[in-house]
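A closer look at the structure
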Amino acid sequence: MTDMRDELRSLFSAITGRDADGVWSAPGRVNLIGEHTDYNEGFVLPFAIDRRTLVAAGLRDDSLIRVASTFSDDVVELPLPDLAEAQRDGHLQGWAAYPLGVAWALGEAGADLSAVRGVDLVIDSNVPVGAGLSSSAAIESSVGVALAELWNLELDRPALALVGQRAENEAVGAPTGIMDQSASLLGRPDAAVFLDCRSLETAIVPLGLAEAGLTILVIDTGVKHEHSTGGYRERRASCEAGAAAMGVSSLRDLSVEDLDLARTMLDDVTFRRVRHVVTENQRVLDTVQALRSAGPQAIGDLLDASHRSMRDDFEISVPELDLAVETAQQNGAVGARMTGGGFGGAAIALVAEDAVSRIQVAMDGAFAEHGFDTPDTFVVRPSEGAKREP
Ligand code: ADP
Ligand code: MG
C-alpha cells in the first residue's frame, strides 16, 4: 500500500504540476452471508477487504472538478456548478460517472457546489473490477471521504454510504442497495459489518479469524452470464409478488415459522424464492450470534446451508460456483458458499490458514477436470474501512 500511495502522489504531481493535499482510500468488500436479502429489507453481513482504491486529491483555485484514473487515459473535467444539469441530462458517463456522481450526490446532500473550491482527483486501485468485490463502492467511498474532508462537510459514514449509493443509482444508473458502501466505509480489521437494511442500523461483529487460524478464500470463477441482469430483476419481482400474496410489505416481515402457511398460499417457484430469503435472513442472525458466542469455527454449516438455498431454492448458482463450493468442502473448508448476486462471479470458503495452497491446487485440478477455465483463487483479509492515508 505504501508503494501504491507514493506512486499515486507522483502521478498526481505529474498530471497537475503540484503536490496533492492528501491521499484517501477505501476497500472493496466480500459478503460473508445474506444474499438477495438487502432489497427485501433484511440482513447482510459483509466485510471490507485488503484491496483498496486510492485517491490523491488537491483543491484548485477555480471551480473545476477534474478526474483521472490509472484505469483510463482520459482526464474528465466539468465545472462543479454544472454537475446537477449534467446528472439530469444523463451526461455523466463511463468510469468518470462514479467520482463525478459522488460530487453531485454530495451537492444533493447539502454541499454548495457553486461555493466550494474545485478539485483534482487522481485514482488508482488494486480492487479487481467486475469480480464481485465491489470496486464501484471502493471508488465511491474513497472519493466521498476525500471530498467530505476537503470541503469540510459534516457527513458521518452512514450519510456518506447513502451518497455513494445515490451516485451509483442516479448518476451511474445501477439499481444497487446500500450494502457495499456500508462495508467499504464502516469496515474494521478482522470484523464484519452487520447491516439491517430496513433501519440502516449497523454493528461491528468481530470475526476472530486470525485467532482461530482461519482465513477466507475467494474463488473467482470468471463466469459472467448475460442473463444476470434479467435474472436479478426476475428474482426481485418474485420476492415482491411473494410478499404481496402473504400480505406483508416486504419479506423481512416473514419468519421461518410462517413458511408452512406460505407453502399453502404460493406457487412452488414463488414459495422457494420466499423460503430462500426468509431462511437466509435467519442464517445471518444465526451467524452473528455464532460468531459472538463461539467464533468462526461455528459458522460453517450456515455458510453451506446458504449455498444450498441459493442453488436449490433461489436458483442463482451455476455449475462452476457449485464446483468451487464442493471442492472447498471436500478439501476441509469449514464452510463455503457462492457470494454476490449469482449467475456467475465468485464463491468464498472459510478455510484453515495452512490449507490454502492445498485447496488452491485442488480447485485448479477440479476445474480442469470439468473443462472449466482455471479460477482465480486468492485470500482476502477483513480490513479497515475508508480512511485518510498517512
Ligand atoms: P464491481 O463488481 O467491481 O463493483 P461494477 O460494474 O459495479 O463492478 O463497477 C465497476 C466499474 O466501476 C468500472 O467499470 C469502472 O467504471 C468503475 N471503477 C471501479 N474502479 C475504478 C477505478 N479505480 N478507476 C476508474 N473507474 C473505476
Ligand atoms: Mg459494483
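These numbers come from a predicted model, not from an experiment.

On to the packing of helix α10 (residues 268-293) against helix α11 (residues 300-313). Between α10 and α11, whose axes approach to 10 Å, the crossing angle comes to 170°. In terms of orientation, α10 and α11 fall into the roughly antiparallel class. Contact with α10, carried on its side by Arg272, Arg273, Arg275, His276, Thr279, Glu280, Arg283, Asp286 and Thr287, involves Leu302, Ala305, Ser306, Ser309, Met310, Asp312 and Asp313 of α11 and no other residues of that element. A per-class count over the contact of α10 with α11 returns three nonpolar, five polar and eight charged.

With that out of the way, let us pick up the pattern of salt bridges. Counting across every chain of the model gives 25 salt bridges. Salt-bridge contacts for Glu389 lead to Arg5; the nearest nitrogen and oxygen are separated by 2.8 Å. Note that Glu389 is positioned in the segment after β12 (387-388) and Arg5 in helix α1 (residues 2-16), a separation of 384 residues in sequence. The same class applies to Glu389 as to Arg5, namely buried. Between Asp62 and Arg60 there is a salt bridge, with its nearest N and O atoms 2.8 Å apart. Put simply, Arg18, Arg60, Asp62, Arg66, Glu77 and Asp120 are held in one network by salt bridges that share partners.

Turning our attention to the side chain of Asp304. With respect to the secondary-structure elements, Asp304 resides in helix α11. Nearest to the buried, unbridged Asp304 among oppositely charged side chains is Arg308, at 5.4 Å. With residues near it in sequence (within four places) discarded, Asp304 still touches Gln329, Val334, Gly335 and Ala336.

Turning to the domain arrangement of the chain, a few remarks are in order. Under the domain assignment, the chain is made up of domain 1 (2-203) and domain 2 (208-380). Distance from the C-alpha centre of domain 1 to the C-alpha centre of domain 2: 27 Å. Contact residues are listed per partner, giving 28 residues for domain 1 and 44 residues for domain 2. Between domain 1 and domain 2, a total of about 2,800 Å² is buried, with carbon and sulfur atoms accounting for 62% of that surface.

Quick look at helix α3 (residues 97-108) now. Between the first and last C-alpha of α3 there are 15 Å, a value that for twelve residues agrees with the 16 Å anticipated at 1.5 Å per step. Where burial is concerned, most of α3 is hidden: nine out of the twelve residues are buried. Where α3 is buried, its residues meet β3 (64-69), β4 (76-79), α2 (83-88), β5 (119-125), α4 (135-150) and α5 (157-172).

Near ligand 1 there are 14 residues, and of these Ser69, Gly130, Ser134, Ser135 and Ser136 occur at the shortest range. Between ligand 1 and Ser69, the relevant distance is 2.7 Å, taken from a nitrogen atom to a side-chain nitrogen or oxygen of the residue. Here ligand 1 has 570 Å² of accessible area as a free molecule, and 78% of this is covered by the chains. Of the residues forming the shell around ligand 1, the biggest block, three residues, is contributed by α4.

Turning next to the packing of α11 against helix α12 (residues 319-330). The N-to-C vectors of α11 and α12 enclose an angle of 155°; their axes lie 11 Å apart at closest approach. Considering the angle they form, α11 stands roughly antiparallel to α12. Read as a crossing pair, α11 and α12 show a hand that is left-handed. Taken together, the residues of α12 that come into contact with α11 (itself represented by Asp304, His307 and Arg311) are Leu321, Asp322, Val325, Glu326 and Gln329. Across the contact of α11 with α12, the residue classes break down as two nonpolar, two polar and four charged.

On to the nonpolar core. Where a protein is soluble and globular, its nonpolar side chains tend to be buried together. One finds Ile65, Leu80, Leu83, Leu106, Leu121, Leu147 and Trp151 to be the most contacted residues of the largest nonpolar core, which totals 46 residues. In contact with Ile65, other than residues within four places in its own chain, are Val76, Glu77, Leu78, Leu80, Leu100, Ala103, Val119 and Leu121. Counting 37 residues, the second largest nonpolar core, distinct from the first, contains Ala243, Val274, Ile316 and Ala347.

About the thresholds
- Residues numbered from 1 in each chain as written.
- Chains lettered and ligands numbered in written order.
- Predicted model: local features only at pLDDT ≥ 70, side-chain atom pairs only at ≥ 80, totals over all residues.
- Heavy atoms only, no water.
- Axes fitted to C-alpha atoms, helices over the stretch in contact; angles between N-to-C directions.
- Helix = DSSP H or I, 4+ residues; strand = E, 2+ residues; numbered from the N terminus.
- Parallel < 35°, antiparallel > 145°, perpendicular 65-115°, else oblique.
- Contact = heavy atoms within 4.5 Å.
- Nonpolar A, V, L, I, M, F, W, Y, C, P; charged D, E, K, R; others polar.
- Salt bridge = Lys/Arg side-chain N within 4 Å of Asp/Glu carboxyl O.
- Buried < 20%, exposed > 50% of the residue type's maximum accessible area, 1.4 Å probe, protein only.
- Lys, Arg positive; Asp, Glu negative; His and termini not counted.
- Domains from an automatic or database assignment.
- Buried area = accessible area lost by both parts, 1.4 Å probe.
- Expected span 1.5 Å × (residues − 1).
- Near = heavy atom within 4 Å.
- Polar contact = N/O pair within 3.5 Å; in protein donor to acceptor, adjacent residues only side chain to side chain.
- Areas by Shrake-Rupley, 256 points an atom, 1.4 Å probe, with all protein chains shown as cover.
- Left-handed = near helix turned anticlockwise from the far one by under 90°.
- Core = buried A, V, L, I, M, F, W, Y, C linked by side-chain atoms within 4.5 Å.

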